Structure formats: C-alpha cells, structure tokens
Amino acid sequence: MSLVERDLAVIWHPYTQMKTAQKPIPIVRGEGAGLYDEDGKKYIDAVSSWWVNIHGHANKYIAQKVAEQLLRLEHVIFAGFTHPTAVELAERLLNILPSNQKKAFYSDNGSTAIEVAIKMCLQYWNNQGKPRTKMLAFKNAYHGDTFGAMAVSGRSAFTAAFDSLLFEVEFIDLPDVSNIEDLKSQISNLKSELACFIFEPLVQGTAGMVMYEAEYLDELLKHCSDEGVLTIADEVFTGFGRTGKLFACDYLSQQPDIMCFSKGLTGGTMALGLTTCTQQIYEAFLSDDKLKTLFHGHSYTANPVACSAALASLDITLQDATMQNIQRIAALHSGFALKIKDHPKIRTIRQTGTIIAMEWEIGDNTSYFSSLRDRLYQYFLDAGIILRPLGNILYILPPYCITDDELNYIYSKIEQALEEI
C-alpha cells in the first residue's frame, strides 16, 4: 500500500470533508520554504503550514537544540516542579513583551492559550465576589476550536452544530473613524457584565485576513481600561514578526491585560501554548483559600522539549537578519500589490507586514465556501505552491527564509491565474 492509501485507511484529517476531499499529498521532508513529496516534487509552503513555520522546515539550529534537550530531559510534571527551559523562555519573552506582562502560564496550543485567558478573566471577577460572565469580541473573530475559544469566535459554519451550547458573547464591529464612539458607548453600557474583551490585533486571520487600524483599537483599549474591562490580545497568529513588528501589540500605545501565543512560538516545530498576564490578574488568585486557585493544567504543560524549540526559535527571531528578511518580504509584497491592484479580478488587496491578501471578484459576497477556492487551490498545487484560499480570498504568508526567487515565482503564478481562471 502507498502512504496515501495507508493514510486513508486510518486517518481523519482536520477541516476536511473526507467523503469529497482530494487525496492528501504525501510529504516526506522539508527544507527552507520547501516541502517535498515522496516523488521528489517541491511545494513552496506559502502559508507556513497553517501559519506556524517562521524559520523554514527542518531548521538545523532548532533541530540541534531539540535533540540536545531530548537527551537531557524530555518531560517533567509542572505542578510542584520546574525546569530551566520553561523559566528561561518565560524570562526572555516577558522581557520583550509589553511592560505590564509579568507572569507566564504554559499550555499546549493556540486554543488552549485562549481557554486559559478566558478562565483567568472569569475567575478574576469570581475570586473578588463580583462574578461577570459575558464576553466582548469582534464579529467574524476566530480564536480556536475548543469550546471557550469557539464561544468567543464569530458564529459561522465552524460553530453551527454547537451554537446552543456556547456561552453569551456580545459581538461588535471592527473599530474605525465612523463607529468608534458608538462602540465605546456599547462598552460603557455593558461594563458591569463584561468579564473581558478579546481581540485579534490588527489582522483577523480566518475571517479572510481582514485588517484594521491600530489607532482605533488603541482608543477601544483605552476605553476598556477606563471602564474596568479586562482585555485579551490573541497574538497566536500575529506574534513573532508576522505584522512587521515583533508583536502586533507593538503598534499600540495601550497594553492588553492578557496575551496569548502559539503558532510561531516554536518556529513551527511542535505544539506549545503560552498565556501571559499582568501582576494584578495574577494577584487575584493569591489567597489562603484554595478555591481561588487557577485550576487549569495539561499533562504536557511547559514540556521541556517544546520550550527548547521555542528558545531556539526566539534566538533566530531576534537576529538582525530575521528582521531584515521580514522587511524584505513586506517590501516585495508592497511592490506586488501595486502591480496588480487595478486588475479587474481583484476586488481589494491588503497587506500588513509579511501578510498579503487578495480578494478575488466573484460577483457576489465574499464566502468561505466560494467554489473559486478549490479551483485556486488546485491551480497552485499543480504549480508547486501551497496556497490555501479562504474562500475567494487568496493570501501569502511565508516563512521568513523564503527567497526572492520563490516569492517572485508565487507572484508570477498569481498573475497567471488572474488571466486563466
């Protein structure tokens, strides 16, 4: 049996209608921005394998550090024990995050990082005898697939089967010059009920790489602070350079109370989640009453191997060469956007840092289920490029090590698709 046949006999793939989906492509190795199938065909990973890979596949430096850690300590229970890589990673991250972030709580992935943040906020108020249970979030948000993360995500096909089970969330529009005062009024009216406001800073990824201005998010966060509403920045996608700065919150003057990280945290090597918070939130859980403990944990909390991968990735991220690569990609994206922005098949084109998104004109509203998606997906696979359109929205979000030649090849194939599809 081939690898694909063996896969289909035993595997259920994510976000996949297994009855109608095409057979999976068998990838056997990676190098840089390239993935190679069992026949040796190269695919340029233009979406960083679901936005996680920032330094390229099979990165030798990260692999070396992971291998060394495996021979030193593979895992230890994190309740009542600690280890060097978890402490060092927390120290180094807190040193480069907004200055109000003082404590780090580890989990397993982006969704669990969000779950921890939500539970921190709910229990923060409960511990003070002032329970608040309502959440505030942006329309069309996506924060993950576990129940709490789903609840604060926009209601959609992703959540439809579970909508009646999700807790109460007030959804608001993204802020802009026309609605900012109205949004602040809504928050003022709800403040005594709100446990928190959760947001994806600057870019809503799954919504279609929807981008909005830091100025109005800042104003919203300032108002939340003034009204005593806790705020959660979901940097699971935007963290570690994606937006052109180390963190999307670096574009803001206001600081969130809680921040969530995953995806690029380990450079795309393995799963790890992290939630950071202010001293004020942490202290709300300090008590002689054990019922005020944050009762949350995972078997692999702060896994030493994952922490070592994150430390190695951070080493690379903080090198001058990496920031130069981020700026190089952003500049190339900008040039490409200018070149195709007036094409009749391009409805809109938008960019933040290394993220560029093109909305194709399809004659009606944007849709995740647009039939154009499958045609575009296959077109680029045939050309050796992994692009995973969000309906009729095509985006490029590459590892920072991608070469100019690889990016220019992607651009040329998009121009070709604009003429042929």
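Look up: the structure comes first, before these words.
Small disclaimer: the values here were computed from a predicted structure and weren't measured. (Residues numbered from 1 in each chain as written. Predicted model: local features only at pLDDT ≥ 70, side-chain atom pairs only at ≥ 80, totals over all residues. Heavy atoms only, no water.)

This part takes up the overall build of the protein chain. The secondary structure content of the protein chain amounts to 13 helices and 16 strands. For the protein chain, whose C-alpha radius of gyration is 22 Å, the value lies close to the compact-globule estimate of 22 Å for 421 residues. Taken along the three principal axes of its C-alpha coordinates, the protein chain extends 65 × 55 × 45 Å. Across the 421 residues of the protein chain, 52% fall into the buried class. Residue pairs in contact within the protein chain that sit at least 24 positions apart in sequence constitute 70% of those at least 6 positions apart. Accessible area for the protein chain stands at about 19000 Å²; split by element, carbon and sulfur atoms hold 52% of it. Looking at charge distribution, the protein chain has the averaged site of its 36 positive side-chain charges lying 2 Å from that of its 50 negative ones. (Helix = DSSP H or I, 4+ residues; strand = E, 2+ residues; numbered from the N terminus. Rg over C-alpha atoms; globule rule 2.2 N^0.38 Å. Buried < 20%, exposed > 50% of the residue type's maximum accessible area, 1.4 Å probe, protein only. Contact = heavy atoms within 4.5 Å. Areas by Shrake-Rupley, 256 points an atom, 1.4 Å probe, with all protein chains shown as cover. Lys, Arg positive; Asp, Glu negative; His and termini not counted. Charge placed at Lys NZ, Arg CZ, Asp CG, Glu CD.)

Once that is clear, we can look at the packing of aromatic side chains. According to the stated counting rule, one finds 16 aromatic pairs in the structure shown. Aromatic pair Y15 and F158: ring centres 5.2 Å apart, planes at 70 degrees, arrangement edge-to-face. Here Y15, found in the loop between α1 (3-10) and β1 (27-31), pairs with F158, found in the loop between α6 (147-151) and β6 (169-172); they are 143 residues apart in sequence, far enough to count as distant. Accessibility expressed as a relative area gives 38% for Y15, which makes it partly exposed. Classification of F158 by relative accessible area gives partly exposed; the value is 25%. Here the aromatic residues Y15, W50, Y142 and F158 are joined through ring pairs into a cluster of three or more. R29 extends its terminal NZ or CZ atom over the ring of Y36, reaching a point 4.1 Å from the ring centre. Its end group placed over the ring of Y282, K103 keeps NZ or CZ at 4.5 Å from the ring centre. (Phe/Tyr/Trp six-rings, centres within 6.5 Å; stacked < 30°, edge-to-face > 60°. Lys NZ or Arg CZ within 6 Å of the ring centre and 35° of its normal.)

Turning to the sheet that holds strand β15 (residues 385-386), a few remarks are in order. The strand order across the open sheet formed by four strands is β1-β2-β3-β15, and the pairing between neighbours is mixed. With one partner strand each, in any of the chains shown, β1 and β15 form the two edges of the open sheet. As paired elements, β1 and strand β2 (residues 34-37) share four bridges and run antiparallel to each other. The residue of β2 that forms the bridge with I27 is D37. (Pairing = 2+ DSSP bridges.)

Attention shifts here to the nonpolar core. Core analysis: the largest hydrophobic core is formed by 91 residues, its most contacted members being F197, M209, L387, I396, I410 and I414. Counting 27 residues, the second-largest nonpolar core is a separate cluster that includes I114, A117, I232 and I258. (Core = buried A, V, L, I, M, F, W, Y, C linked by side-chain atoms within 4.5 Å.)

The subject of this paragraph is the pattern of salt bridges. Tallied over the entire structure, the rule returns 19 salt bridges. Here E168 makes a salt bridge to K134, at a shortest N to O gap of 3.3 Å. In this pair, E168 is assigned in the loop between α6 and β6 and K134 in strand β5 (residues 134-138), connecting sequence segments 34 residues apart. Residue E168 is classed as partly exposed on the basis of its relative accessible area, which comes to 48%. (Salt bridge = Lys/Arg side-chain N within 4 Å of Asp/Glu carboxyl O.)

Our focus in this paragraph is the sheet that holds strand β16 (residues 393-396). Taking strand neighbours across the sheet as the criterion, the three strands line up as β13-β14-β16 in an open arrangement whose pairing is antiparallel. Either end of the sheet is taken by a strand with one partner, and the two such strands are β13 (346-352) and β16. Taking the axes of each pair of neighbouring strands and ignoring which way they run, one obtains an average angle of 15 degrees across the sheet. In the sheet, strand β14 (residues 355-360) pairs with β16 via four bridges, with the strands oriented antiparallel. By the bridge assignment, E359 is partnered in β16 with I393. Sitting on the sheet, helix α13 (residues 404-420) touches β13, β14 and β16, and the angle it makes with β16 is about 165 degrees. (Axes fitted to C-alpha atoms, helices over the stretch in contact; angles between N-to-C directions.)

Taken by themselves, the reported measurements are silent on function.
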